[in-house]
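# Inside the fold
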Amino acid sequence: MSPDLLIVGAGLAGLALAGDAVRAGMDVQVLDKSRGVSGRASTRRVALDDGREARLDHGARFFTARQERTRALAEEGVQGGWLRVWTRSVSEWRDGTVTTPPPEHPRYVPPAGMSALGRHLARGLSVTTGAEVTSLERRAGGWRVHTRDGASWEAPRLVLNLPGPQVAPLLDDLVGDVPGLAEAAREVGRVRYDPYWATGAVLERDVEAGWLALRLFGHPVLEWIAREHTKREPGHPPALMLHATPDWTRAHLERRPEEVRPELLEAARDVLGDFTPLHAFAHRWRHATPTERAPGPAHWDPALRIGWCGDGHTPDPHGPRVEAALLSGWALARRVLGQGEDERERASLPPRTPEQEPNL
Ligand SMILES: Cc1cc2nc3c(=O)[nH]c(=O)nc-3n(C[C@H](O)[C@H](O)[C@H](O)COP(=O)(O)OP(=O)(O)OC[C@H]3O[C@@H](n4cnc5c(N)ncnc54)[C@H](O)[C@@H]3O)c2cc1C
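Since the structure is predicted, the reported quantities are computational estimates derived from the model, not experimental observations.

### Focus: helix α2 (residues 68-80)
An ideal rise of 1.5 Å per residue puts 18 Å on 13 residues; α2 measures up with 18 Å between its terminal C-alpha atoms. By the burial criterion, the buried members of α2 are Thr70, Leu73 and Ala74. The buried residues of α2 occupy an angular sector of 95 degrees when the element is viewed end-on, so they sit on one face. Seen from the open side of α2, the exposed residues pointing more than 90 degrees away from its buried face are Glu68, Ala72, Glu75, Glu76 and Gln79. Summarising the contacts, the buried residues of α2 are in contact with β8 (107-109) and α8 (322-336). Positioned one or two residues after α2, glycine 81 has a phi angle of 85 degrees, which is positive.

### Section: the site of the ligand
With respect to spatial proximity, 39 residues lie near the ligand, and among them Gly9, Gly11, Gly39, Gly310 and Arg321 are the closest. Only α1 (12-23), β14 (192-203), β18 (277-292) and α8 provide two or more residues apiece to the shell around the ligand. Class assignment for the residues of the shell around the ligand results in 20 nonpolar, eleven polar and eight charged. Counting residues domain by domain, the shell around the ligand receives three or more from each of domain 1 (1-38 + 114-191 + 293-360) and domain 2 (45-111 + 192-290).

### Focus on the pairing of strand β13 (residues 157-160)
The alternating pattern of β13 places Arg157 and Val159 and Leu158 and Leu160 on opposite faces, both of which are buried. Pairing between strand β1 (residues 5-8) and β13: four bridges, direction parallel. When the sheet's bridge partners are listed, leucine 6 is paired in β13 with leucine 158. Both β13 and strand β20 (residues 306-308) contribute to a ladder of three bridges, which runs parallel.

### Focus: unusual backbone geometry
Unusually for a residue other than glycine, aspartate 95 sits at a positive phi of about 50 degrees. Position of aspartate 95 relative to the elements: it lies in the loop between β6 (91-94) and β7 (97-99). The class of aspartate 95 is exposed, set by 7 C-beta atoms lying within 10 Å.

### A closer look at α8
Given 3.6 residues per turn, any residue in an α-helix points the same way as the ones three and four places further on. Taking 1.5 Å per residue as the helical rise, α8 with its 15 residues ought to reach 21 Å, and the 21 Å between its terminal C-alpha atoms agrees with that figure. α8 sits mainly inside the fold: 14 of its 15 residues count as buried.

The rules behind each value
Residues numbered from 1 in each chain as written. Predicted model: local features only at pLDDT ≥ 70, side-chain atom pairs only at ≥ 80, totals over all residues. Helix = DSSP H or I, 4+ residues; strand = E, 2+ residues; numbered from the N terminus. Expected span 1.5 Å × (residues − 1). Buried ≥ 20, exposed ≤ 12 C-beta atoms within 10 Å, placed from the backbone. Arc of directions from axis to C-beta. Contact = placed C-beta atoms within 7 Å. Near = placed C-beta within 6 Å. Nonpolar A, V, L, I, M, F, W, Y, C, P; charged D, E, K, R; others polar. Domains from an automatic or database assignment. Pairing = 2+ DSSP bridges.

Structure follows, in structure tokens:
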């Protein structure tokens, strides 16, 4: 039997939407091309030869909770023991000098890694992983999606929780045949993302540092260095997560991970002094954080019963991030469930140009 709602993408926005739709009584099926849920809120597990395991957040570094519902989720997580406040202050590096701003808003991380947030949201949901959607088809009364492995799924309602540049090509084949889709497709097609190269390293010994993480300003290669073990339970092997700047990433986008990895480690040595990795990896995010977002919290066409959500939308005035993805998913749930658009959302829609908010 077909579900009531098909969601492509088990990122945080899609999972937030799915949870609300299921609680309202809908039969929901989520598809994701990856092996697990949580999308860019992602954790790499590294098994060491001595039997220890390390967990490194190579996507989202932490998350903030500035809105009522995200605060409630964070409080529930802290009380439930799967989430904690990692820090209230991220140290800053400028020209070799490190400063630590006074404590401000909390930055949350699950001690098990950022992907635990997605796993928490996915509890009780029907999610099929390893299902990469390659095309969409309009059917009488609904939608059919086709996956790379030759399977297909149908539902009367369809939501795409993908970065805008991945939504647009799926819609391209449809716009000629489905009147009313063209303008929305053009809008989501204008969403743009910065790319990031990320490198993780599990270390023989911790580096000498009095900080948990560094946001680097003016460094030619690196934007972020975190001592990942400071997010984890005691006894976790010392580990570093490095994120290159978007500019450096763009200049090196098509290189291979094994070429990029030593260069980011060397750049980190310039900042931290020498260290010895027991294991290192590199990961490229082509669509990491939006630089150009679509206005409004999400898109929903009630006539065609198709929509999209995610951090490429503008559900609140803060930057594109985990919290924006969650708010976008919950906002779209209200639309899909026919509860209309929240007046506060409509009133506070900021312009398309994103506010740069380095201090997430
Ligand atoms: C390097 C990096 C650092 C970041 N740092 C922070 C931070 O510190 N704080 C913060 O709040 N945010 C941060 N972010 C942003 C944050 O990760 C995102 O805003 C958020 O996770 C986006 O969620 P989403 O649901 O919108 O999209 P996604 O997480 O991208 O979800 C999309 C899902 O769709 C799946 N998918 C894609 N194509 C297909 C297909 N064809 N078929 C099926 N499935 C498909 C993907 O596998 C993915 O699971 C960072 C992101 C990156 C990459």
